[in-house]
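# Examination of the molecular architecture
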Amino acid sequence: EKNGSVTINPYFSEIVAISLINYDATEAAAEKIKKYMDWHFAHINTAEEDYNGLGGTIYDYNAVVENGIVVSETSKGSYDSTDSYSALFVKVLADYVKVYGDTEYIKTKKEQIDTIVNVMFATMAPNGYTYAKPDYKIIYLMDNTEVYSRLTAAKYLYQSVLEDAYMYEKINNALTHSN
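Keep in mind the model is a prediction, meaning the values are calculated, not measured.

## A closer look at the overall build of the protein
Secondary structure summary: the protein contains 7 helices and 3 strands in total. Radius of gyration (C-alpha) of the protein: 16 Å, near the 16 Å computed for a compact globule of 179 residues. Seen along its three principal axes, the alpha-carbon backbone of the protein occupies a region of about 50 × 35 × 30 Å. A burial count over the protein gives 47% of its 179 residues as buried. Relative to all contacts within the protein whose residues are 6 or more apart in sequence, the contacts with residues 24 or more apart total 65%. Carbon and sulfur atoms form 52% of the exposed surface of the protein, whose accessible area is close to 9,000 Å². When the 15 positive and 25 negative side-chain charges of the protein are each reduced to one mean point, those points stand 4 Å apart.

## Section: the nonpolar core
In a soluble, globular protein the nonpolar side chains are often hidden away together inside. Within the largest apolar cluster, 49 residues are counted, with the highest numbers of intra-cluster contacts made by M37, F41, Y96, I106, V117, L157 and Y158. For this core, the secondary-structure elements that each account for two or more residues are α1 (10-23), α2 (27-42), β2 (61-66), α3 (83-100), α4 (103-108), α5 (110-122), α6 (141-161) and α7 (165-176). When residues of this core are assigned to their parent elements, the largest contribution, 11 residues, is made by α3. Not counting chain neighbours up to four residues away, the residues in contact with I106 comprise L93, Y96, V97, I113, L157, V161 and L162.

## Observations regarding the sheet that holds strand β3 (residues 69-75)
Taken in spatial order, the 3 strands line up as β1-β2-β3 in an open sheet, and their pairing is antiparallel. Each edge of the open sheet is held by one strand with a lone partner, namely β1 (4-8) and β3. On average, adjacent strands in this sheet sit at an angle of 30° to one another, irrespective of strand direction. Sheet topology places β1 next to β2; 5 bridges connect them, and they run antiparallel. Each residue of the ladder has a partner; that of T7, found in β2, is N62.

## Brief notes about α3
The terminal C-alpha atoms of α3, which comprises 18 residues, lie 26 Å apart, in line with the 26 Å expected from a rise of 1.5 Å per residue. The element α3 is extensively covered by neighbouring structure, given that 15 of its 18 residues are classed as buried. Following α3 by one or two positions, G101 has its phi on the positive side, about 70°.

## Some thoughts on the pattern of salt bridges
Evaluated as defined, the whole model comprises 5 salt bridges. One salt bridge in this structure joins K91 and D95, with 3.0 Å as the shortest N-O distance. Of this pair, K91 and D95 both sit in helix α3, 4 residues apart, which is roughly one turn of that helix. For D95, a relative accessible area of 5% gives the class buried. For D114, the salt bridge goes to K110, with nearest N and O atoms at 2.8 Å. Of the two residues, D114 and K110 are both situated in helix α5; the distance of 4 residues between them amounts to about one turn of the helix.

## Here's the deal with the side chain of T130
Within the secondary structure layout, T130 lies in the loop between α5 and α6. A distance of 2.8 Å separates a polar atom in the side chain of T130 from a polar atom in the side chain of D83.

## Focus on the layout of surface pockets
Its boundaries defined by the atoms lining it, the largest pocket holds a volume of some 550 Å³. Taken together, 18 residues form the lining of the largest pocket, with I8, S13, Y36, W39 and V70 sitting closest to its centre. Per-element tally for the lining of the largest pocket: the top contributor is α2, with 5 residues. Among the residues forming the lining of the largest pocket, the class breakdown is 11 nonpolar, 3 polar and 4 charged.

About the cut-offs
Throughout, residues of each chain are indexed from 1 in the direction in which the sequence is written. Where local features are concerned, this predicted model is filtered to residues with pLDDT of at least 70; where side-chain atom pairs are given and counted, the filter is 80 or more; whole-chain, interface and lining totals use all residues. By convention in this description, side-chain values take in all heavy atoms of the structure and omit both hydrogens and water. In this description a helix means any DSSP run of H or I spanning at least four residues, a strand means any run of E spanning at least two, and both kinds are numbered starting from the N terminus. What the globule rule says is 2.2 Å times the number of residues to the power 0.38, and the radius of gyration is computed from C-alpha atoms. We call a residue buried when its accessible area falls under 20% of the maximum for its residue type, exposed when it is over 50%, and partly exposed in between, using a 1.4 Å probe and counting protein chains only. We call two residues in contact when some of their heavy atoms are within 4.5 Å. Using a 1.4 Å probe, the Shrake-Rupley method yields the accessible areas, and only the shown protein chains count as cover for residues. For the purpose of charge, His is not counted, nor are the chain termini; Lys and Arg are scored as positive and Asp and Glu as negative. Where a charge sits is defined by one atom per residue type, namely NZ (Lys), CZ (Arg), CG (Asp) or CD (Glu). Take the buried Ala, Val, Leu, Ile, Met, Phe, Trp, Tyr and Cys residues and link them wherever side-chain atoms come within 4.5 Å; each set so joined is a nonpolar core. For two strands to count as paired, DSSP must find a minimum of two bridges between them. Between N-to-C directions, angles span 0 to 180 degrees; the directions come from axes that are lines fitted to C-alpha atoms, helices contributing only their stretch in contact. Here, expected helix span is obtained from the residue count minus one, scaled by 1.5 Å. For this document, the term salt bridge refers to a Lys or Arg side-chain nitrogen within 4 Å of an Asp or Glu carboxyl oxygen. N or O atoms within 3.5 Å of each other form a polar contact, as long as, within protein, one can give a hydrogen and the other can take it, and as long as residues adjacent in sequence are counted only when both atoms are side-chain atoms. Site definitions follow a grid-based scheme: protein atoms alone, a 1 Å grid, a 1.4 Å probe that fits but cannot get out for cavities, and for pockets an open set with protein on both sides within 12 Å along at least five of seven lines, plus lining residues having an atom within 4 Å of a point. Grid points are joined across faces, edges and corners, and a volume is the space filled by probe spheres set on the points. Each residue gets one of three labels, nonpolar for Ala, Val, Leu, Ile, Met, Phe, Trp, Tyr, Cys and Pro, charged for Asp, Glu, Lys and Arg, and polar for the others, Gly among them.

Any functional reading would require information that these geometric values do not contain.
Right, dumping it as structure tokens:
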């Protein structure tokens, strides 16, 4: 959008980021992805900011664009889901490392990554499936497919980049005990 209002939905932005990573291994693409990741990290909710009291979530945003530049953003104060939004962002992070090799960037974001990964666990039901979000306890096949495969991406990050045995084991247990 060159001029006007747009909605920023992190879920769809993450799909675009994953596609760009897997399509374009150039440094220019890596910089675009890093800008998106910086935006995402800067917009993560704390538990106090999140309407469900769940830190690590991210809301949808309205943005005003003038001459191709975002001049303002306003939080919508809501999200469609928490499980899929966090799961897809973990996939962005893992793919970014695998394609561009920038482990240092990921290491500097470890605390935030821990919070984002824990969003998936926060909505996990006793049967191993996740609810769409804390205030909408519906289990969707698509969301759970994304969560399961993205826990695999998180497992890679914690083993190969972040070297955190506790989180690695937590993720591994979730993967091996899912129905």
